[in-house]
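Each chain, written out:
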Amino acid sequence: MKKLEASMILRDRLYGLVLCGGKSTRMGKDKGQIAYHGIPQREYLYHLLDKVCEKTYMSIRREQEREIGTRYNRIQDQDKYRGPFNGLLSAHNKFPDVAWLVLACDLPLMDVHAIRQLVLARDSNKMATAFAQLENSLPEPLCAIWEPQGLRSSMSYVGQGNGNSPRKFLMENAVNLVFPKSTDVLLNANSMEDYKEVLEKLEAL
């Protein structure tokens, strides 16, 4: 079902964003280029988001422009903020009136079913709609739909010296939590141990 018939279920514009600009220091290689599904992970997630979003972009560092090329829409980090807010708010500054469905590039078991679940649960009156684990109910800020008002508020939040943690911001504000039907989709692969675990899970599918 291409674009999840977006015009029928979304009240507001929704763009997709794959966060690819991290340095992947713990993994030891670019997490966005690992081919868990036969293509680089950043491309795999891009295509997933493109099924449900009006437009999709990769959030990248300046030096990644050449390696990614022109096949994919890109938003270069403005480097005005630290951590994940760098990519999030760079995208918001470029398109301030849209909501962003954001995925970190270290989610190798994410699938279209989970993304559709998140989109269908979206509450555009909240700051964000975020996946969370049942055992702790903590919002996953890099697997979430950020509403424009949430991103505007987070700019003020960071500017007032409250830190650079998107999770902390969501914990202190009105967020719609969604619990995925499969908890594996939230598995973060940040190290070689995580990488091996993901391969084992994929082989078992």
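Higher on the page you've got the structure.
What you see is a predicted model; the values in this text were computed from it and never measured. (Residues numbered from 1 in each chain as written. Predicted model: local features only at pLDDT ≥ 70, side-chain atom pairs only at ≥ 80, totals over all residues. Heavy atoms only, no water.)

Chemist: So what's going on with the overall build of the chain? Which residues, and what values?
Modeler: Of the regular secondary structure elements, the chain holds 8 helices and 7 strands. The globule rule puts the C-alpha radius of gyration for 205 residues at 17 Å, and the 16 Å found for the chain is close to it. Overall size of the chain, expressed as C-alpha extent along the three principal axes, is 40 × 35 × 35 Å. Counting the 205 residues in the chain, one finds 53% classified as buried. Sequence separation of at least 24 residues holds for 69% of the intrachain contacts in the chain that already meet a minimum separation of 6. Total accessible area on the chain is roughly 10000 Å²; 47% of this is exposed by carbon and sulfur atoms. Charged side chains of the chain number 28 positive and 25 negative; the gap between the two group centres comes to 5 Å. (Helix = DSSP H or I, 4+ residues; strand = E, 2+ residues; numbered from the N terminus. Rg over C-alpha atoms; globule rule 2.2 N^0.38 Å. Buried < 20%, exposed > 50% of the residue type's maximum accessible area, 1.4 Å probe, protein only. Contact = heavy atoms within 4.5 Å. Areas by Shrake-Rupley, 256 points an atom, 1.4 Å probe, with all protein chains shown as cover. Lys, Arg positive; Asp, Glu negative; His and termini not counted. Charge placed at Lys NZ, Arg CZ, Asp CG, Glu CD.)

Chemist: Would you mind going over the environment of Lys55 in detail, with residue names and values included?
Modeler: Take Lys55: it is sitting in strand E2 (residues 55-60). Between the C-alpha atom of Lys55 and that of Gln149, which follows or precedes it by 94 residues, the distance is 19 Å. Discounting residues that sit within four places of it in the chain, Lys55 has contacts with Leu14, Tyr15 and Gly16.

Chemist: So what's going on with the pattern of salt bridges? Which residues, and what values?
Modeler: Across all of its chains, the model carries 11 salt bridges by this definition. Note that Lys201 and Asp184 form a salt bridge whose closest N and O atoms lie 3.5 Å from each other. Here the residue Lys201 occupies a position in helix H8 (residues 192-204), and Asp184 occupies one in the loop between strand E7 (175-178) and H8, the gap between them amounting to 17 residues. Under the relative-accessibility criterion, Lys201 is labelled partly exposed at 27%. It is possible to trace a salt-bridge network through shared partners that takes in Asp30, Arg42 and Glu67. (Salt bridge = Lys/Arg side-chain N within 4 Å of Asp/Glu carboxyl O.)

Chemist: Describe the sheet that holds E7, and please don't skip the residues or the numbers.
Modeler: With respect to topology, 7 strands assemble into an open sheet ordered E3-E2-E1-E4-E6-E5-E7, the strand pairing being mixed. A strand with exactly one partner marks an edge of an open sheet, and here the two such strands are strand E3 (74-76) and E7. Recorded for the sheet is a direction-independent mean angle of 30 degrees between the axes of neighbouring strands. On top of the sheet, helix H2 (residues 41-50) reaches strand E1 (14-19), E2 and strand E4 (99-104); it is set at about 155 degrees to E2, its chief contact. (Pairing = 2+ DSSP bridges. Axes fitted to C-alpha atoms, helices over the stretch in contact; angles between N-to-C directions.)

Chemist: I'd like a description of the packing of helix H4 (residues 85-94) against helix H6 (residues 148-159), backed by residues and values.
Modeler: The N-to-C vectors of H4 and H6 enclose an angle of 125 degrees; their axes lie 10 Å apart at closest approach. Classed by the angle they form, the pair H4 and H6 counts as oblique. The crossing of H4 and H6 is left-handed. Residue-level contacts link Phe85, Leu88, Leu89, His92 and Asn93 of H4 to Pro148, Leu151, Arg152, Ser154, Met155 and Val158 of H6. Each residue belonging to the contact of H4 with H6 can be placed in one class, and the counts come to 7 nonpolar, 3 polar and 1 charged. (Parallel < 35°, antiparallel > 145°, perpendicular 65-115°, else oblique. Left-handed = near helix turned anticlockwise from the far one by under 90°. Nonpolar A, V, L, I, M, F, W, Y, C, P; charged D, E, K, R; others polar.)

Chemist: With reference to specific residues and values, describe the environment of Tyr36.
Modeler: Within the element layout of this structure, Tyr36 appears in the loop between E1 and H2. In this structure the C-alpha to C-alpha distance between Tyr36 and Leu202, which are 166 residues apart in sequence, comes to 8.3 Å.

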